[in-house]
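This is what each chain is made of:
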Amino acid sequence: MPMSNIAVICRDPADSFARTLADRLVLPLLAMSDALSSGCEFFLCQREGCLKLLDRQTLKKGGLFVEVDPRPGEQASYPAPKKDLLALAVGKKSRTIVDATAGWAQDSLAMFRMGYQVTSIERSPVMAALIRDGFERLAQKDWVQRRKLEPPTLLVGNAIERLANLQEKPDCIYLDPMFPPKRKASAATRKSMAILRDILGDDLDRQVLFDAAIAATGRRVVVKSPDHAEPMGGKPSESYHGKLLRYDVYLTDT
Ligand SMILES: C[S@@+](CC[C@H](N)C(=O)[O-])C[C@H]1O[C@@H](n2cnc3c(N)ncnc32)[C@H](O)[C@@H]1O
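Remember, predicted model here, so these are calculated numbers, not experimental data. (Residues numbered from 1 in each chain as written. Predicted model: local features only at pLDDT ≥ 70, side-chain atom pairs only at ≥ 80, totals over all residues. Heavy atoms only, no water.)

## Quick word on helix α3 (residues 106–113)
The test is simple: For the exposure calls, accessible area comes from a 1.4 Å probe over protein chains only, and a residue counts as buried if that area is under 20% of its type's maximum, exposed if over 50%, partly exposed in between. A helix here means a DSSP run of H or I that spans at least four residues, while a strand means a run of E at least two residues long, and both kinds are numbered starting from the N terminus.
Buried residues dominate α3, accounting for seven of its eight residues. Of all the positions in α3, only D107, S108, L109, A110, M111, F112 and R113 are classed as buried.

## Things to note about unusual backbone geometry
Note that the residue after Y78, namely P79, is joined by a cis bond; omega there is -10°. When you line up the elements, P79 lands in the loop between β4 (50–55) and α2 (85–90). In this structure, A105 is a non-glycine residue whose phi angle is positive, near 65°. The residue A105 is located in the loop between β5 (96–99) and α3 in this model.

## Remarks on the sheet that holds β4
Cut-off, in case you're wondering: By the convention used here, strands pair only if DSSP detects at least 2 bridges between them. Comment: axis = line fitted to C-alpha atoms, over the contacting stretch for helices; angle = value between 0 and 180 degrees taken between N-to-C directions. Every residue pair with non-hydrogen atoms within 4.5 Å of one another is taken to be in contact.
An order of β2-β1-β3-β4 is seen for the four strands of this open sheet, with the pairing classed as mixed. Each edge of the sheet is formed by a strand with only one pairing partner; in this case those strands are β2 (29–31) and β4. Adjacent strand axes in the sheet meet at a mean angle of 35° when their direction is disregarded. Bridge analysis of strand β3 (residues 42–47) against β4 gives six bridges, and the strand direction is antiparallel. Residue pairing across strands places C45 opposite K52, the latter belonging to β4. Along the sheet, helix α1 (residues 16–25) makes contact with β1 (6–10), β2, β3 and β4, crossing β1 at roughly 165°. Strands in contact with helix α4 (residues 125–140) are β1, β3 and β4; relative to β4, the strand with the most contacts, it is inclined by about 145°.

## Comments concerning the domain arrangement of the protein
We count it as follows: What counts as a domain boundary in this text is fixed by an automatic or database domain assignment. Accessible area, probed at 1.4 Å, shrinks when two parts are joined; the buried area is that loss added up over both. Residues adjacent in sequence count toward polar contacts only when both atoms are side-chain atoms; beyond that, a polar contact is any pair of N or O atoms within 3.5 Å, and within protein one must be able to donate a hydrogen and the other to accept it. Polarity classes work like this: nonpolar for Ala, Val, Leu, Ile, Met, Phe, Trp, Tyr, Cys and Pro, charged for Asp, Glu, Lys and Arg, and polar for all others, with Gly in that last group.
Per the domain assignment, the segments making up the protein are domain 1 (3–55) and domain 2 (85–251). Distance between the C-alpha centres of domain 1 and domain 2: 27 Å. Carbon and sulfur atoms make up 76% of the area that domain 1 and domain 2 hide from each other, which totals about 1,000 Å². The tally of links from domain 1 across to domain 2 stands at one residue pair in polar contact (both at pLDDT 80 or more). Broken down by secondary-structure element, the contributors of at least two residues to the side of domain 1 that touches domain 2 are α1, β3 and β4. In terms of residues, the side of domain 1 that touches domain 2 owes the most to one element, β4, which gives five residues. Of the residues in the side of domain 1 that touches domain 2, the class split is ten nonpolar, two polar and three charged.

## A short note on the pattern of salt bridges
To keep it simple, the criterion reads: We define a salt bridge as a side-chain nitrogen of Lys or Arg found within 4 Å of a carboxyl oxygen belonging to Asp or Glu.
Counting across every chain of the model gives eleven salt bridges. Residues D142 and R146 are paired through a salt bridge, measuring 3.4 Å at the closest nitrogen-oxygen approach. Residue D142 and its partner R146 are located together in helix α5 (residues 142–146), separated by four residues, close to a single helical turn. Of the two residues, D142 and R146, neither departs from the other in class, the shared state being exposed. Note that D248 is salt-bridged to R246, the shortest N-O span being 2.8 Å. Judged by relative accessible area, which is 1%, D248 ranks as buried. A relative accessible area of 7% places R246 in the buried class.

## Structural notes on the site of the ligand
The condition that has to hold: The cutoff for a nearby residue is simple: one of its non-hydrogen atoms must lie within 4 Å of the molecule or strand. Here the Shrake-Rupley method, with its probe set to 1.4 Å, supplies the accessible areas, and only the displayed protein chains count as covering residues.
Residues in contact with the ligand amount to 19 residues; listed here are only the nearest, D107, E122, N158, A159 and D176. Residue A105 places a main-chain N or O atom 3.3 Å away from an oxygen atom belonging to the ligand. Between a nitrogen atom of the ligand and a side-chain N or O atom of D176, the distance comes to 2.7 Å. When the ligand is considered free in solution it has 610 Å² of accessible area, and contact with the protein chains removes 98% of it. At three residues, the largest contribution of residues to the shell around the ligand is made by helix α7 (residues 187–200). Partitioning the shell around the ligand into residue classes produces nine nonpolar, five polar and five charged.

Next comes the structure, spelled out in structure tokens:
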């Protein structure tokens with residue numbers, strides 16, 4: 001991520017949260033009134049109880065954050081039923097899953113809500129700060145506390161290295177790297193994924209990541225990809241097709 005393009009905004013000069021965040025991420029700290037003239041394109045700001053990523057249009061209102069509540073249409077019970085394509089791809093019998101490309105953590109969180117034990121890896125320090133904030137909010141949710149659940153574990157760094165150093169092989173390693181776009185994303189994902197692409201670019205080392213995942217998994221690697229993309233590891237053992245995307249499953253314990 002070109003870190004010159006992003007700043008932390010503080011609403012009040014005594015805001016120690018913003019100062020600590022800016023120091024930790026080595027980003028400039030700006031007053032809200034200086035944000036537009038700063039030339040920065042993106043901003044991190046604590047707003048309405050969560051850490052938000054803003055662009056120049058959403059500076060005054062709105063912003064993107066890690067949504068920890070169930071997605072529209074998803075059953076709000078715990079564990080949520082393992083009935084969608086994601087559950088079929090990661091395997092109903094899997095227990096431990098490493099999501100090596102966490103991003104907005106929506107897949108990590110969907111898997112967590114289905115009862116899987118999830119570890120999420122993210123290499124962008126800015127995205128990792130947004131995820132950490134989301135997982136902290138998740139830990140405060142009533143349904144999480146009542147069941148004494150631990151939110152997913154977050155590892156910050158390049159998954160190519162982190163996967164090689166896992167203590168135990170997980171049942172499944174899940175990959176959703178950024179592919180070059182072919183067509184417009186759906187309205188629901190356009191904004192958050194477009195912003196991710198703007199600040200991070202495509203994941204050009206995704207083939208190396210795939211090879212690292214195959215070497216590090218106990219049983220299976222799942223790759224989520226747009227339907228137009230070539231399978232990353234040749235013919236997959238199984239494939240699950242959605243409207244515009246595909247989950248390719250590579251079984252390694254056969
Ligand atoms: C398309 S997004 C993932 C979206 C995610 N599945 C979700 O539900 O929000 C890809 C993310 O993977 C991260 N990523 C890609 N390659 C990585 C690697 N080698 N190590 C760690 N993170 C990586 C990128 O920084 C980006 O945030």
